[in-house]
Number of protein chains: 2
Amino acid sequence: TTVDKGVDFANYFCTYSFLYHQKEMLSDRVRMDAYFNSIFRNKHHFRGKTVLDVGTGSGILAIWSAQAGARKVYAVEATKMSEHARTLVKANNLQHVVEVIEGSIEDIVLPEKVDVIISEWMGYFLLRESMFDSVICARDRWLKPTGVMYPSHARMWMAPIRSGLGDQKINDYEGAMDDWYSFVKETKSYYGVDMSVLTRPFSDEQKKYYLQTSLWSNLHPHQERAQGLCGFGGWFDVHFRGSREDPAQQEIELTTAPSTDNGTHWGQQVFLLHPPTRVSGGDDLNVTFSMTRSKENHRLMEVELSCEIRQPSGQILPPCISKFYIE
Amino acid sequence: TTVDKGVDFANYFCTYSFLYHQKEMLSDRVRMDAYFNSIFRNKHHFRGKTVLDVGTGSGILAIWSAQAGARKVYAVEATKMSEHARTLVKANNLQHVVEVIEGSIEDIVLPEKVDVIISEWMGYFLLRESMFDSVICARDRWLKPTGVMYPSHARMWMAPIRSGLGDQKINDYEGAMDDWYSFVKETKSYYGVDMSVLTRPFSDEQKKYYLQTSLWSNLHPHQERAQGLCGFGGWFDVHFRGSREDPAQQEIELTTAPSTDNGTHWGQQVFLLHPPTRVSGGDDLNVTFSMTRSKENHRLMEVELSCEIRQPSGQILPPCISKFYIE
Ligand SMILES: Nc1ncnc2c1ncn2[C@@H]1O[C@H](CSCC[C@H](N)C(=O)O)[C@@H](O)[C@H]1O
Ligand SMILES: Nc1ncnc2c1ncn2[C@@H]1O[C@H](CSCC[C@H](N)C(=O)O)[C@@H](O)[C@H]1O
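The present account deals with the structure reproduced in this document.

Reading the values: the criteria
Residues numbered from 1 in each chain as written. Chains lettered and ligands numbered in written order. Predicted model: local features only at pLDDT ≥ 70, side-chain atom pairs only at ≥ 80, totals over all residues. Heavy atoms only, no water. Helix = DSSP H or I, 4+ residues; strand = E, 2+ residues; numbered from the N terminus. Buried < 20%, exposed > 50% of the residue type's maximum accessible area, 1.4 Å probe, protein only. Contact = heavy atoms within 4.5 Å. Core = buried A, V, L, I, M, F, W, Y, C linked by side-chain atoms within 4.5 Å. Near = heavy atom within 4 Å. Polar contact = N/O pair within 3.5 Å; in protein donor to acceptor, adjacent residues only side chain to side chain. Areas by Shrake-Rupley, 256 points an atom, 1.4 Å probe, with all protein chains shown as cover. Nonpolar A, V, L, I, M, F, W, Y, C, P; charged D, E, K, R; others polar. Least-squares fit on C-alpha atoms with pLDDT ≥ 70 in both. Arc of directions from axis to C-beta. Pairing = 2+ DSSP bridges. Axes fitted to C-alpha atoms, helices over the stretch in contact; angles between N-to-C directions.

## Some thoughts on the overall build of chain A
Within chain A, the regular secondary structure consists of eight helices and 13 strands. Considered along the principal axes of its C-alpha atoms, chain A spans approximately 70 × 60 × 35 Å. Taken across its 327 residues, chain A has 51% of its residues classed as buried. The contacts of chain A with a sequence gap of at least 6 include a subset with a gap of at least 24, amounting to 71%.

## Remarks on the nonpolar core
Proteins that are soluble and globular tend to have nonpolar side chains buried together. Of all hydrophobic cores here, the largest spans 75 residues; its most connected members are Met195 of chain A together with Leu52, Trp64, Val98, Met122 and Leu254 of chain B. At seven residues, the largest contribution of residues to this core is made by helix 7 (residues 165–191) of chain A. With residues up to four places along the chain from it excluded, the contact list for Val98 of chain B reads Ala62, Ala66, Val73, Ala75 and Val89 of chain B. Counting residues in each nonpolar core, the second largest holds 74 residues, with Leu52, Val135 and Tyr150 of chain A together with Met195 of chain B among its members.

## Comments concerning the site of ligand 2
Residues and elements named next belong to chain B. Taken together, 22 residues surround ligand 2, and among them Arg31, Gly55, Glu77, Ile105 and Glu106 come closest. Within the side chain of Glu77, one N or O atom sits 2.7 Å away from an oxygen atom of ligand 2. At 2.9 Å, a side-chain N or O of Glu106 approaches a nitrogen atom of ligand 2. Starting from 570 Å² of accessible surface for ligand 2 in isolation, the protein chains cover 99%. Looking at which element gives the most residues to the shell around ligand 2, the answer is helix 2 (residues 19–26), with three residues. When its residues are assigned to classes, the shell around ligand 2 shows ten nonpolar, eight polar and four charged.

## Things to note about the relation of the copies chain B and chain A
Superposition record for chain B on chain A: RMSD 0.0 Å, screw rotation 180 degrees, translation along axis 0.0 Å. Such a turn and shift between the copies fits a two-fold axis. Rotation axis and chain B: the residue whose C-alpha lies nearest the axis is Val7 of chain B, separated from it by 2.3 Å. Most of the interface of chain B is mirrored in chain A, where 100% of its interface residues again form contacts.

## Re the environment of Ala78 of chain A
All names here are of chain A. As for its placement among the helices and strands, Ala78 is situated in the loop between strand 2 (72–77) and helix 5 (81–91). Ala78 sits in the buried class, given a relative accessible area of 15%. Each C-alpha atom of the pair Ala78 and Tyr209 lies 31 Å from the other, and the pair is 131 residues apart in sequence. Discounting residues that sit within four places of it in the chain, Ala78 has contacts with Phe9, Phe13, Glu102, Gly103 and Ser104.

## So, helix 5 of chain A
Regarding helix 5 of chain A, the residues found buried are Met81, Ser82, His84, Ala85, Leu88 and Val89 of chain A. What you see down the axis of helix 5 of chain A is that its buried residues fit within an arc of 155 degrees, all on one side. Contacts made by the buried residues of helix 5 of chain A are with helix 2 (19–26), helix 4 (60–67), strand 2 and strand 3 (98–102) of chain A together with helix 8 (199–211) of chain B. Backbone geometry just downstream of helix 5 of chain A places Asn93 of chain A in the positive-phi region, at approximately 60 degrees.

## Looking at the sheet that holds strand 5 (residues 143–150) of chain A
Sheets are built from strands that pair by backbone hydrogen bonding, the pairs being arranged parallel or antiparallel. All names here are of chain A. Taking strand neighbours across the sheet as the criterion, the five strands line up as 3-2-1-4-5 in an open arrangement whose pairing is parallel. Every interior strand has two partners, whereas the edge strands, strand 3 and strand 5, have only one. Neighbour to neighbour, the strand axes of the sheet diverge by 20 degrees on average, direction disregarded. Bridge count between strand 1 (residues 50–54) and strand 2: five bridges; the pairing is parallel. Paired with Asp53 across the strands is Ala75, a residue of strand 2. Strands strand 2 and strand 3 of the sheet are contacted by helix 5, whose axis makes an angle of about 170 degrees with strand 3.

Structure follows, in structure tokens:
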């Protein structure tokens, strides 16, 4: 499938061209601390080196790289945010080190290969937004064989959870359907048109919206233990390890796991089972999970989740299979 | 300027492909009654005639036209909603009269010219969405010289208003700026980067959002009288008059004016003056108003409003000129 660049810009990039949105990321302490520490506690990776910042946004990672001693930083940004990045670089007196380039990383050309690629490319549940593709493209084109990636490793996690959201979403869905039924009745009696044939597609639409779309959530660590299994929570972490040949001096982790004090703007993505499933201590959960790109929008994801329960007696309950959209 | 169809689809048409959104329009009683009455109280315009419904959505206007006795109705819809329209037509047993055509009105070809063009094309403050262009295009291509337009006439209104929204929006804006200042301070102290150079562009962005964007509002008729002039409210009405040679038997009006009982989903668009202006009984307001398409998105509008106050003494206060976005 080919991607219409104009459509992609309208759908995806446009939010990033607002300072308001950049500021939200810049105010995420967990995120900021992880990148800050990964750079300043591993200055040997930056001192005198060339760096590429993929999707520089406000320019923050490029600026830190320069402050840590980089010889040259290429800061590439697809949106007009590049202009603000340039302003910021200049105001921080780094215009001789940091070169801001407006363009998408897939299109631009650099005068040299680089020692470090740094990027904050992670979307909800790691892969939403598909910016990972762009980072891999940058790596294959512009990283020296001896170069290092910042971050270098990523993991995805899923845990069974309990949650009150399930009942709420079922209520919302049922409310929407009640409303639809009175609408159908009134349209028939006031305006002589029978809409009941659209009940099924309307219900599908609402089900998708209320019941099959992953929910942004700030899970409490306690929710990770499940008696009644309400669904699954998904999150990710990334690590800054350098490479095997050229490891980090101090390895930093950025985790988006459920936490009481260290939440991030990514939160966790919740996939609810409708209805919830009964599980007891000793049951084995056998979960298969697959995530694919949505056909309509390559930056959104579709998830298929199947969950089989094996009881201590050896009995296996029929698997429940659910489909979700990460939108 | 040329329009990228894919982008236009992503930005504009996509909302119309949800039944949820069509239902909102179908639940707007004022809108529904006006179209219903305009058709069924003017059956002579429909009986035995050919009709084109521009942007049929769920198909409702096409179905009514057929129920009023049309010989043939072409129901054109750009989005996949056309499939639901086709289902609805069939469920109401009108498939021999109503032909649903998926495509944009600019592209499709009809086998004949029509006697009536019916369409519900009005956006916020009449012109937002620019669907009017499509209706005019349809008229020029497909209406017989003897044909009639439903609706046939439209008017835009503006009135000075008072409103508490002004203070609230100023508060929101100031809150966002306070927040920005602490963000700048913390980013400097925690992360060693000075962001203050972005204060001006951030403030411009927030001003545009909070102070220069027209507000959807359900004005109370009393707000139309202004002592302290807080801004202007804008709305529209349309009329179904047929043509001079072939007038309606009963002329119907659809108005979106401020009303206690008969509000519509269009509401009114409010353009606030910051700060509010002092006016007194006897003052003359001389208002110039211009509305142009936004360069970035031809379906959105930009408004320039200048307001000059002439006091009874003859003294003229310096005009206040404001720019607004209808987004
Ligand atoms: N293919 C691509 N080419 C260039 N920039 C891209 C890109 N895909 C995404 N981006 C940009 O990457 C940024 C990701 S958000 C991270 C911004 C910044 N590095 C920070 O850490 O605060 C956005 O500004 C987005 O516009
Ligand atoms: N150029 C164009 N060609 C075809 N359909 C269009 C169009 N511009 C807008 N539309 C469609 O016009 C509809 C306007 S909303 C009105 C829907 C319906 N006639 C009703 O009265 O309830 C939307 O469904 C939109 O997708």
